[in-house]
Amino acid sequence: MGADYYKVLGVARNASEDDIKKAYKKMALKWHPDRNQGSEEASKKFKEISEAFEVLSDKNKLGEEGLKGGAGPPPGASFPGFSGFPGGTTFTFTSSGPGGGRAGGFSPSDPQRIFEEIFSGGFPGFGRMGGMGGMGGMRSAFDEDDDMGASFFGNMPGGIPRSSPSAQRASSTPATSQQPSEIVRPLKVTLEELYNGTTKHLKVGRRLQDGTTEDKVLEIHVVPGWKSGTKVRFPRAGNEQPNGEAQDLVFVVEEKPHPIFTREGDDIICYLKIPLVEALTADLVRRTVEQLDGRKLQVTAPPGILKPGTETRVPNEGMMVRKAGSAKRKGDLIVRWDVVFPGRLTPAQKEGIRRILDSST
């Protein structure tokens, strides 16, 4: 008789997919080898938990019922439960030769791989590792606006590694990796904040070497003119690692989209609409633009007929120039005139425009 996977995860037989995921998360964190000093018992338990989750993640529960009787799913069958997670992967059951796998050809996937898929990209609330320089176990507690917070989880100093020697003992496919020396997170700021400057306060929690947690508030002074990609580093402010060293926290500036302005280098761009009739006939076209600091600027279009794409440049109303040795202190505000054409014309209007334009050539 095979294992009772519901019992392994401690869930009822009618448990929902969400209940199964929650149970796996809780038990995987509890029995991960890195949290148990590489204990063989923990490694075995971790492997059993991963196998149970892999089987029960099959929406049709085909594998669990078959495996209890030793039958197993068909060779090469895949369990789609993982492929449904954002950024997830489909894990496949393959047939195994003598001495390998389970009865019926079931071969469990690498438990560390499952663990990484779930906690690196499979669940909302956990930032993906890719492209962020290795964020370890830093839970994504940043909201969509300005409430910048971060917390770390687990007794794994330095967060969850991609792999470690103790985890490899519970894995069917060994891998090696080093603890990340820094944790990188986005610092989302508005264009107004980059224009005027501001101060951000970030509440950060970290895991200490003795297993306790520590909270602190970090202060970041956003300097006028900063660009997306600007990095702010807090040395040794991250999780403590087994060797006593602490990771650096690095925040990378990300500019939020603005409803009116866009940024091009040190210049800021604004589009102003003007009806076709005004673009063709007005002697003077003037509009009021509210600047990013709240000032009202009067912007005048070039004289004559305004063609689509015509620009008006207002010097020294752009972003602060941060480049050392630059002759310019600030960039420019560039207004691009967006000529709005009518959606329809009557036959009489078309004929009138035709006569007017023919006579002007």
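Now for a description of the structure that goes with this document. None of the values given here were measured: they were computed from a predicted structure.

### Notes on the pattern of salt bridges
Within the structure shown, the criterion is met by 19 salt bridges. Taking the shortest distance from any N to any O, the salt bridge between Glu214 and Arg206 comes out at 2.9 Å. As a salt-bridge pair, Glu278 and Arg287 come within 2.9 Å of each other at their nearest N and O atoms. Glu278 sits in the partly exposed class, given a relative accessible area of 21%. The exposure class assigned to Arg287 is partly exposed, which follows from its relative accessible area of 23%. Members of the salt-bridge network, linked through shared partners, are Glu182, Arg233 and Asp248.

### Examining the sheet that holds strand β10 (residues 261-264)
Spatially, four strands are ordered β10-β11-β15-β14 in an open sheet, and the strand pairing comes out mixed. Lying at the two open borders of the sheet, with one neighbouring strand each, are β10 and β14 (311-314). The sheet shows a mean angle of 30° between the axes of neighbouring strands, direction not considered. Of the strand pairs in this sheet, β10 and strand β11 (residues 267-275) are connected by four bridges, and their pairing is antiparallel. By the bridge assignment, Arg263 is partnered in β11 with Ile268.

### Topic: the packing of helix α2 (residues 17-31) against helix α3 (residues 40-56)
Packed helices, taken two at a time, are described by the angle between their axes plus the distance between the axes. It is the contact of α2 with α3, at a shortest axis distance of 9 Å, that shows an interaxial angle of 165°. One element, α2, and the other, α3, form an angle in the roughly antiparallel class. The two elements α2 and α3 meet at a crossing, and its hand is left-handed. Contact with α2, carried on its side by Ile20, Lys21, Tyr24, Met27, Ala28 and Trp31, involves Glu41, Ala42, Lys45, Phe46, Ile49, Ser50, Phe53 and Leu56 of α3 and no other residues of that element.

### What to know about the packing of aromatic side chains
Taken as a whole and assessed by the stated rule, the structure comprises two aromatic pairs. Ring centres of Phe234 and Phe251 lie 6.0 Å apart, and the angle between their planes is 85°; on these two criteria the pair is classed as edge-to-face. Of this pair, Phe234 sits in strand β8 (residues 231-234) while Phe251 is found in strand β9 (residues 248-255), placing the two residues 17 residues apart along the sequence. For the pair shown, Phe234 and Phe251 are each scored as buried.

Quick notes on the rules
Note on numbering: residues in each chain are counted from 1, in written sequence order. Reporting of local features is limited, given that this is a predicted model, to residues whose pLDDT is at least 70; pairs of side-chain atoms are given and counted only at 80 or more, and all residues count toward the totals for whole chains, interfaces and linings. With hydrogens and water set aside, each side-chain value is computed from the structure's full complement of heavy atoms. Salt bridge, as used here, is a side-chain nitrogen of Lys or Arg placed within 4 Å of a carboxyl oxygen of Asp or Glu. Only protein chains enter the accessibility calculation, which uses a 1.4 Å probe; a residue whose area is less than 20% of its type maximum is buried, one above 50% is exposed, and one in between is partly exposed. One bridge is not enough; two strands pair if DSSP finds at least two bridges between them. Strands are runs of DSSP state E lasting at least two residues, helices are runs of H or I lasting at least four, and both sets are numbered from the N terminus onward. Geometry is summarised by axes, namely lines fitted to C-alpha atoms with helices restricted to the contacting stretch, and by angles between N-to-C directions that run from 0 to 180 degrees. Throughout this description, any angle smaller than 35 degrees is read as roughly parallel, any larger than 145 degrees as roughly antiparallel, any in the 65 to 115 degree range as roughly perpendicular, and the remainder as oblique. Should the near helix be turned anticlockwise from the far one by less than a right angle, the crossing is left-handed, and should it be turned clockwise, the crossing is right-handed. Note on contacts: a residue pair is in contact if any heavy atoms of the two residues lie within 4.5 Å. A pair of aromatic rings is counted whenever rings of Phe, Tyr or Trp (Trp by its six-membered ring) have centres within 6.5 Å, and the orientation is called stacked for planes under 30 degrees apart, edge-to-face for over 60 and tilted otherwise.

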